[in-house]
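Close look at the chain arrangement
Letter by letter, the chains look like this.
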There are 2 protein chains.
Amino acid sequence: MAIRPAEQLIHKAAWLYYAHGLRQDQVASQLNISRASVAMYLRKARETGIVNISTSTQLFTDDVLARKLEDALGLDAVWIAPENDHIADPSTEIAVLAASVFLELVKKGDRIGVAWGRTVYMIADIMSYADLQDVTVVQLCGNLGAPYSYRPDQCTMEIARRLNAKGLNFYAPLVLSTEELARALRAEPVIREQLSGVGECDLALYSVGAVDADSHLVKCGALTSGEMAELRSRGAAGVIAGQIIDAEGEVLDCSYNRRVISAELASLRAIARRLMVVQEDSKFEPLFAAIAGGLCTHLVVGARMAQRLLDHAAATTEKAS
Amino acid sequence: MAIRPAEQLIHKAAWLYYAHGLRQDQVASQLNISRASVAMYLRKARETGIVNISTSTQLFTDDVLARKLEDALGLDAVWIAPENDHIADPSTEIAVLAASVFLELVKKGDRIGVAWGRTVYMIADIMSYADLQDVTVVQLCGNLGAPYSYRPDQCTMEIARRLNAKGLNFYAPLVLSTEELARALRAEPVIREQLSGVGECDLALYSVGAVDADSHLVKCGALTSGEMAELRSRGAAGVIAGQIIDAEGEVLDCSYNRRVISAELASLRAIARRLMVVQEDSKFEPLFAAIAGGLCTHLVVGARMAQRLLDHAAATTEKAS
DNA sequence: CACGGCTCTCGACAAAAGTCAAACTGGGCA
DNA sequence: TGCCCAGTTTGACTTTTGTCGAGAGCCGTG
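First, a word on scope: everything that follows refers to the structure included in this document. What you are looking at is a predicted structure, and each value in this text was computed from that prediction instead of being measured.

Criteria and thresholds
Residues numbered from 1 in each chain as written. Chains lettered and ligands numbered in written order. Predicted model: local features only at pLDDT ≥ 70, side-chain atom pairs only at ≥ 80, totals over all residues. Heavy atoms only, no water. Least-squares fit on C-alpha atoms with pLDDT ≥ 70 in both. Contact = heavy atoms within 4.5 Å. Phe/Tyr/Trp six-rings, centres within 6.5 Å; stacked < 30°, edge-to-face > 60°. Helix = DSSP H or I, 4+ residues; strand = E, 2+ residues; numbered from the N terminus. Buried < 20%, exposed > 50% of the residue type's maximum accessible area, 1.4 Å probe, protein only. Polar contact = N/O pair within 3.5 Å; in protein donor to acceptor, adjacent residues only side chain to side chain. Salt bridge = Lys/Arg side-chain N within 4 Å of Asp/Glu carboxyl O. Pairing = 2+ DSSP bridges. Axes fitted to C-alpha atoms, helices over the stretch in contact; angles between N-to-C directions. Near = heavy atom within 4 Å. Nonpolar A, V, L, I, M, F, W, Y, C, P; charged D, E, K, R; others polar. Buried area = accessible area lost by both parts, 1.4 Å probe. Arc of directions from axis to C-beta. Disulfide = S-S within 2.5 Å. Parallel < 35°, antiparallel > 145°, perpendicular 65-115°, else oblique. Left-handed = near helix turned anticlockwise from the far one by under 90°.

Least-squares fitting of chain A to chain B yields an RMSD of 0.0 Å, with the superposition described by an axial translation of 0.0 Å and a rotation of 180°. Such a turn and shift between the copies fits a two-fold axis. Looking at the rotation axis and the C-alpha trace of chain A, the residue lying nearest is A:Ile53, at 2.2 Å. Taken as a fraction of all interface residues of chain A, those also at the interface in chain B reach 100%, which identifies the copy contact as same-surface.

Shown next as structure tokens:
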């Protein structure tokens, strides 16, 4: 298959149509092909990111609630997805919004850290294609060998594919059975290099996990629901990039965390823009912990969650004063 | 006129249509308005930059000639507009390309320096709207009081308007009648501040002028064609931001230059990305001078000019070795 | 060299989007 | 109050775009 000429044609058709504003039949006669082909090329151009159609997400930041949250929580930017009556599926709405926001935040030459989870994969899946060169997507934590389609490496690869970027995933398990082995593996040059490269990312994308029996950590067999409950009683508040954090957003001191292969929280905090997306209302506590720990600078949530965060923040401030 | 609700509706319609991929009639029924209104809102959304449709300009950099030029002239990126048989108007083609390239180079928060000229104004005029916040467009040189529509301040303002950005033009004449007055005016705080702010720009957009009787400097009465000819014989090779440069791209030592109010070449060179656009084949000499003087990092030209530049560069290198 | 299997292309039809003049709305003003 | 104006909104119409199945070219294979 001759890739070049086809690609060229797609580019040319897209250029004449979108940049010059010609109609499809005019493009067709310029390129000496049928109008139907032009229509097909244009679809391909949109699908591959040769043309980019992006809508401003201002509508969702340009909101009193969003402003208040930014102030109250010290965040750089907050986007709030509406959750009223006729929004069919709030969690999809949040993902669509997050995908747009993400694409708005990505710049050429960026290095992007991506974690795992249903939310992240859903965003990847919804996200439209873009043609960024010189972008690298790196995986923030080890893999879980589960049958889920949203394994860390899947998330990384899918996002890389969408952006036409380079995907850098690392093939280590997320959790090992002994601390010793984890330590040894972390010291491996390949792994160490990748982990230390996390701090050089320009942008991170992740969600936060809940500490309960529904957690992927439990579903994938990394922890039993009993262990999870025990960790919870010892102060576990959420899961970030496979690590368990406490209510202050610090790594919980426990065997599990010491057996994990993942980017250190300090490296995550070193990333200038950290986009956190939370779909489920039930993840209030984990989210608050993550914010408390400074693990997020940009936030996409639903309206109900936004209100709860604001109420809680206000209550905390009041108590403090 | 209630601006808010209308704006909101435009945003919502654009969001549902472009981000969610609904059809116009579906959007209409969601928002309880007629489909015709949706169509109108969508047009407004495109016109105001609420939705951005951009086509990759890769086609024009992804070219052997462009690569060679980048290497030969030490430029960061070169775009070449085709000029074959059925391109109706090469100079428009160059401007359309330049507008796309410019929009691709602009980032949020940028400070952009803009010079004057037919080319720059044409780009501004063709350029689609975008909704960049936190962008500032500054004028690089003083005004000419001519009846042209492409006065420096017009260029600045139009580009600022298109980007939804802040325009900072300065109201000083480009040329004064005495060196003394020019010196005094340059020392004025308002002017000095703006001139010194040029170095802090992230991106510059300009073209280069020819040193002949057709030059705007002559047409606007800043110089007579006789003076122009004399300057030419003394080594003048081109005009950048209202200043006359020699073949090495340095300011020519002459009374005219000392009477000009404009950004110093050193400040221009301090701008990280300098996008130069040249439409006319006749501007070969001025362009080569500008490149020699390091006044451009990104270049948009036509195919013929590109070839001439490459040939000349090759000849020069050969002679040197 | 004939044969599937493959992708690419085209014509024709169906669906969607653009357009325009007429109707409507709400706010300012006599 | 009633009238007028400027700007919206709409239904009906036209133009443009999307899609689908048929056919054409292409290649490796038996």
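The subject of this paragraph is the packing of aromatic side chains. Under the defined criterion, the tally for this structure stands at six aromatic pairs over all chains. Note on A:Tyr17 and A:Tyr18: the rings are 4.8 Å apart at their centroids and 85° apart in plane angle, and the pair reads as edge-to-face.

Once that is clear, we can look at the side chain of A:Thr61. Residues and elements named next belong to chain A. Inspection of the secondary structure assignment puts Thr61 in helix 4 (residues 58-61). For Thr61, a relative accessible area of 12% gives the class buried. Among the polar contacts listed, one links the side chain of Thr61 to the backbone oxygen of Thr57, at a separation of 3.5 Å. Setting aside residues no more than four positions away along its own chain, Thr61 makes contact with Ala66, Arg67, Glu70, Val78 and Trp79.

Before going further, it helps to examine the pattern of salt bridges. Summed over the entire model, instances satisfying the criterion amount to 32 salt bridges over all chains. Between A:Glu285 and A:Arg232 there is a salt bridge, and its shortest N-O distance comes to 3.2 Å. Here the residue A:Glu285 occupies a position in helix 15 (residues 284-292), and A:Arg232 occupies one in helix 12 (residues 225-233), the gap between them amounting to 53 residues. We classify A:Glu285 as partly exposed; its relative accessible area is 36%. Residue classification places A:Arg232 among the partly exposed positions, given a relative accessible area of 39%. Where B:Glu280 meets B:Arg118, a salt bridge forms, and the shortest distance between an N and an O atom there is 2.5 Å. Residue B:Glu280 is found in the loop between strand 9 (273-277) and helix 15 (284-292), and its partner B:Arg118 is found in helix 7 (residues 118-126); the two are separated by 162 residues along the sequence. According to the relative accessible area criterion, B:Arg118 is partly exposed, its value standing at 30%. Members of the salt-bridge network, linked through shared partners, are A:Asp125, A:Glu158, A:Arg161 and A:Arg162.

This paragraph deals with the sheet that holds strand 4 (residues 136-139) of chain A. Residues and elements named next belong to chain A. Ordered by their spatial adjacency, seven strands build an open sheet running 2-10-9-6-3-4-5, and the pairing between neighbours is parallel. Pairing within the sheet leaves two strands with one partner each, and these edge strands are strand 2 (77-81) and strand 5 (166-168). If you compare each strand with its neighbour and ignore which way they point, the axes differ by 20° on average. Sheet analysis places strand 3 (residues 111-114) next to strand 4, joined by four bridges and oriented parallel. If you follow Val114 over to strand 4, its bridge partner there is Gln139.

Not every one of the 14 residues close to DNA strand C is listed here, only the nearest: A:Ser34, B:Tyr17, B:Arg23, B:Gln24 and B:Arg35. Between DNA strand C and A:Tyr41 there is a distance of 2.9 Å, counted from a phosphate oxygen to a side-chain nitrogen or oxygen. At the level of elements, helix 3 (35-48) of chain A together with helix 3 (35-48) of chain B are the ones that each hand at least two residues to the surface near DNA strand C. At five residues, helix 3 of chain B tops the list of elements feeding residues into the surface near DNA strand C. Looking at side-chain class alone, the surface near DNA strand C contains seven nonpolar, three polar and four charged residues.

This part covers the sheet that holds strand 5 (residues 166-168) of chain B. All names here are of chain B. Read from one edge of the open sheet, seven strands run 2-10-9-6-3-4-5, paired in parallel fashion. In this open sheet, the two strands that pair with only one neighbour each are strand 2 (77-81) and strand 5. Within the sheet, the average angular offset between the axes of one strand and its neighbour, ignoring direction, is 20°. Relative to strand 6 (residues 203-206), strand 3 (residues 111-114) runs parallel, the two sharing three bridges. Paired with Gly113 across the two strands is Ala204, which belongs to strand 6.

As a further point, take the pairing of strand 8 (residues 243-246) of chain A. All names here are of chain A. Across the two faces of strand 8 the burial is the same, with Gln243 and Ile245 and Ile244 and Asp246 all buried. Here four bridges tie strand 7 (residues 236-240) to strand 8, and the two strands are oriented antiparallel to one another. Looking across to strand 8, one finds that Val239 is bridged to Ile244. Connecting strand 7 to the antiparallel partner strand 8 that follows it, the hairpin turn spans two residues, and Ala241 within it adopts a positive phi of roughly 45°.

Right, let's talk about the interface of chain A and chain B for a bit. In this assembly, 32 residues from chain A lie in contact with 32 residues from chain B. Between chain A and chain B the total buried area reaches about 2700 Å² when both faces are included, carbon and sulfur atoms providing 58% of it. There are two salt bridges connecting chain A and chain B. When the shortest N-O distance is used, the salt bridge between A:Lys108 and B:Glu104 registers 3.5 Å.

Now for helix 10 (residues 189-197) of chain B. All names here are of chain B. Those residues of helix 10 that sit buried are Ile191, Gln194, Leu195 and Gly197. Along the axis of helix 10, the buried positions cluster into a sector of 160°, meaning they face one direction only. Its buried side turned inward, helix 10 meets strand 3, strand 4 (136-139), strand 5, helix 9 (179-187) and helix 14 (265-269).

This part covers the protein's contact with DNA strand D. What surrounds DNA strand D is a group of 15 residues, the closest being A:Tyr17, A:Gln24, A:Arg35, B:Ser34 and B:Tyr41. Atoms of DNA strand D within 4 Å of the protein belong to the sugar or the phosphate in 65% of instances, the rest to bases. Between a phosphate oxygen of DNA strand D and a side-chain N or O atom of A:Tyr17, the distance comes to 2.9 Å. A:Arg23 is positioned with one of its side-chain polar atoms (N or O) 2.9 Å from a phosphate oxygen of DNA strand D.

So, about the state of the cysteines. All names here are of chain B. In this structure the tally under the stated criterion is zero disulfides over all chains. Just so you know, Cys254 is unpaired, no disulfide at all, and the nearest cysteine sulfur is the one on Cys141, 15 Å from it. Owing to a relative accessible area of 3%, Cys254 belongs among the buried residues under this scheme.

A few words on the packing of helix 7 of chain B against helix 8 (residues 152-163) of chain B. Residues and elements named next belong to chain B. Where helix 7 contacts helix 8, the two axes come as close as 9 Å, and the packing angle between them is 20°. Judged by the inter-axis angle, helix 7 sits roughly parallel to helix 8. Crossing hand, helix 7 versus helix 8: left-handed. Residues Val120, Tyr121, Ala124, Asp125 and Ile126 of helix 7 lie in contact with helix 8, whose contacting residues are Gln154, Cys155, Glu158, Ile159 and Arg162. Each residue belonging to the contact of helix 7 with helix 8 can be placed in one class, and the counts come to six nonpolar, one polar and three charged.

Take the side chain of B:Arg162 next. Residue and element names in this part refer to chain B. Checked against the element boundaries, Arg162 lands in helix 8. A residue is classified by how much of its surface remains accessible, and Arg162, at 8% relative accessible area, is buried. At 3.1 Å, the side chain of Arg162 and the backbone oxygen of Asp125 are in polar contact. Beyond its immediate stretch of four places on either side in the chain, Arg162 contacts Ala124, Asp125, Ile126, Met127, Ser128, Tyr129 and Ala130.

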